[in-house]
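Summary of the model geometry
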Amino acid sequence: MRFEDLGLIENLLKSVKELGFEKPTYIQERTIPVVLDKKDVFATAQTGTGKTAAFGLPILHRLKKHQPNVHRALVLAPTKELALQISEDVHTYAKYTDLKIAMIVGGKDLEAQRRELKRGADIIVATPSKILEHIQNGLDLKDIDFFVLDEADRMLDMGFVKDIRKLNEYFSKKHQTLLFSATISDKIRKLSKLLLRRPIFIETAKKNTTVKNVSQIAYKVDEEKKAEATAYLIGSRNFEQVLVFTRTKKSADALVEVLREYGLKAEVIHGDIQRSTRLRRIKEFKAGKFQVLVATDIASRGLDIAELPCVINYELPAAPSDYIHRVGRTGRAGREGEAISLLDIYERYDIRQIEKIIEEKIPQEILEDFEPDPTRKREEREAVKLKSEYKNQYQKRRPKKKQPAKTKKRKTTKRG
Ligand code: ADP
Ligand code: MG
């Protein structure tokens, strides 16, 4: 299938062509006709599948021409960074139309944003709490024709469900709702029942799988050698750009220091760094101004940073599902990618949890000159006994369904 076959207006096909999109991705091929057909959508799709154009193009097509004084589409995203990404992308698609896009997010002056809205915004891209604030200050959304929830699962995780319900009540007129989520849970199903009318279900790939064209490998490296090993890997493999994930802010800061000592151009983003600085660093990284970006999960989730050749998991994430999100940064939109994980003695067990979710085995190898200390066997036995700390963390976060204790090991962990 080609973009031309989807019946989109010429002015959109032109910008798509300029972006170098040769053919629609699967989610685009499925979603675009449904939106054009005025139906609600409930789509499961991971990051990197091309969601933004999947909802952006048909909405732009249907909005056609700028109309002053009305807002006709609202796109919600969980974070400011994602909202920025979406509005930039939609802006590019809209290049040959006169449609206007505005962004409503935290950290901007309320008055200035209001003026921006007054100048005209056919499409508003926003975070849930911010848009409500504007509504309470008189923003009128009664003309909304399109309501999009991007990464709805994350918005629920972040506690935005009340905001979303409230928002939905402000749309007086009949409108079309498009809901996108990487994962499906009872919460999502409930929300979808509330928001969607006879939706068309669109499912891309299998749930919880990593991106197909990413090769995954793990190296056994002791904790204290990891920073050096990371510098070595980046240096010796000649990766043009690398995204390195750490589990904590502290290790992110420490790692950046070491990488710089090795002469690598590296920057860091995490929750303690000002948003404006984070956004600037991401922008510069995208522009190729430095080689290594070190990031925590929170700071980077959902961001389309670039088509990266390589992602390094300096530490495994706290939640196994974050592994999928991390690895989703590479091999995007059909390109080849590589995901390297460095495993200390405990993480060699933790990774089994991830392997279960992705239903794939990640080979574990030794990196020359960074061989793990063999005298740590005793610790290793200890590690098995304790099982993985994060696994328990993860289970605690789940709804309190009664779960029979499956193994003796789990009982031990609970006490210890
Ligand atoms: P998602 O929201 O699903 O994570 P995005 O919409 O951010 O995905 O798209 C991921 C990347 O793929 C972006 O860099 C985007 O420009 C690119 N992309 C989107 N659609 C296509 C396409 N049809 N062909 C090639 N690249 C595409
Ligand atoms: Mg997206």
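Above this text sits the structure in question.
Residue numbers restart at each chain and count upward from 1, following the sequence in its written direction. Chain letters and ligand numbers both follow the written order, the letters beginning at A and the numbers at 1. Owing to the predicted nature of the model, reporting of local features is limited to residues with pLDDT of at least 70; listing and counting of side-chain atom pairs is limited to 80 or more, with chain, interface and lining totals taken over all residues. Excluding hydrogens and water, the side-chain values take into account all heavy atoms of the structure.

1. What about the environment of Lys118?
When you line up the elements, Lys118 lands in helix H5 (residues 110-118). Distance in space between the C-alpha atoms of Lys118 and Leu139 is 9.7 Å, their sequence separation being 21 residues. Secondary structure elements are taken from DSSP: a helix is a run of H or I of four residues or more, a strand is a run of E of two residues or more, and numbering for both begins at the N terminus.

2. Overview of the sheet that holds strand S5 (residues 146-149)
Pairing is parallel across the open sheet formed by 7 strands, whose spatial order is S3-S4-S2-S5-S6-S1-S7. Lying at the two open borders of the sheet, with one neighbouring strand each, are strand S3 (101-104) and strand S7 (200-203). Mean inter-strand twist for the sheet, computed between neighbouring axes without regard to direction, equals 15°. The criterion for strand pairing is that DSSP finds at least two bridges linking the strands in question. When S5 meets strand S6 (residues 176-181), the two strands line up parallel, connected through 4 bridges. Its bridge partner being in S6, Val148 is matched across the sheet by Leu178. Running over the sheet, helix H9 (residues 186-195) touches strand S1 (41-44), S5 and S6 and is turned about 170° from S6. Fitting a line to C-alpha atoms yields each axis, with helices limited to the stretch in contact; the angle taken between N-to-C directions then spans 0 to 180 degrees. By definition in these notes, contact holds between two residues if any of their heavy atoms fall within 4.5 Å.

3. Things to note about helix H12 (residues 275-286)
A helix is expected to span 1.5 Å for every residue after the first. End to end, H12 covers 16 Å across 12 residues, agreeing with the expected 16 Å (1.5 Å per residue, within 8%). Two residues or fewer after H12 comes Gly288, characterised by a positive phi angle close to 80°.

4. Structural notes on the pairing of S6
Within S6, 6 of the 6 residues are buried, which leaves the element mostly enclosed by the surrounding structure. Of the two faces of S6, the one holding Gln176, Leu178 and Phe180 and the one holding Thr177, Leu179 and Ser181 are both buried throughout. In terms of strand pairing, S1 meets S6 through 4 bridges, oriented parallel. Counterpart to Val41 in the pairing with S6 is Leu178. Classification of residues uses two cut-offs on accessible area relative to the type maximum, computed with a 1.4 Å probe and protein chains only: under 20% is buried, over 50% is exposed, and between them is partly exposed.

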